[in-house]
Amino acid sequence: MSHAKSHTALIWKVFGFLSVVTIVEVWLGIVKPESLNLTQVLGTSILNWIFLILTLVKAYGIAWYFMHLKDEKTWFRRAIVWPVVFLIGYLAFYLLYEGDALGIIDQSLTRWSYN
């Protein structure tokens, strides 16, 4: 019977952690602090980086506990997690780099003269 209690306690702990991270994300999305929203780092605002990192933390937590990666062998966890981390990093870099390049090209071609 203690085995069931340990899983129940673990589920509530994971639920609490994911809830706190989600509440922080929602609060930041509503408030949008200027110091985080208007400061650019590596092509985007600090607020966007915070959202990206918190979303990855939640995805990792869900995979770790609810997809039972915690109980798998090390090589199997790495085979699942490393490609995903690499692809998300690659996609984030590509979108930020190309988005900035398109903004620069669009800026040079657009004339905003209302005189």
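Residues numbered from 1 in each chain as written. Predicted model: local features only at pLDDT ≥ 70, side-chain atom pairs only at ≥ 80, totals over all residues. Heavy atoms only, no water.

Chemist: Hey, could you go over the packing of aromatic side chains for me, with residue numbers and the actual values?
Modeler: This model, assessed by the stated rule, comprises four aromatic pairs. Ring geometry for Tyr60 against Trp64: centres 5.6 Å apart, planes inclined by 20°, an arrangement best described as stacked. Residue Tyr60 and its partner Trp64 are located together in helix H3 (residues 46–66), separated by four residues, close to a single helical turn. The interplanar angle of 15° and the centroid separation of 6.5 Å between the aromatic rings of Phe86 and Tyr90 together place this pair among those described as stacked. Within this pair, Phe86 and its partner Tyr90 are both found in helix H4 (residues 74–109), separated by four residues, close to a single helical turn. We classify Phe86 as exposed; its relative accessible area is 57%. Among the residues examined, Tyr90 registers a relative accessible area of 47% and is labelled partly exposed. (Phe/Tyr/Trp six-rings, centres within 6.5 Å; stacked < 30°, edge-to-face > 60°. Helix = DSSP H or I, 4+ residues; strand = E, 2+ residues; numbered from the N terminus. Buried < 20%, exposed > 50% of the residue type's maximum accessible area, 1.4 Å probe, protein only.)

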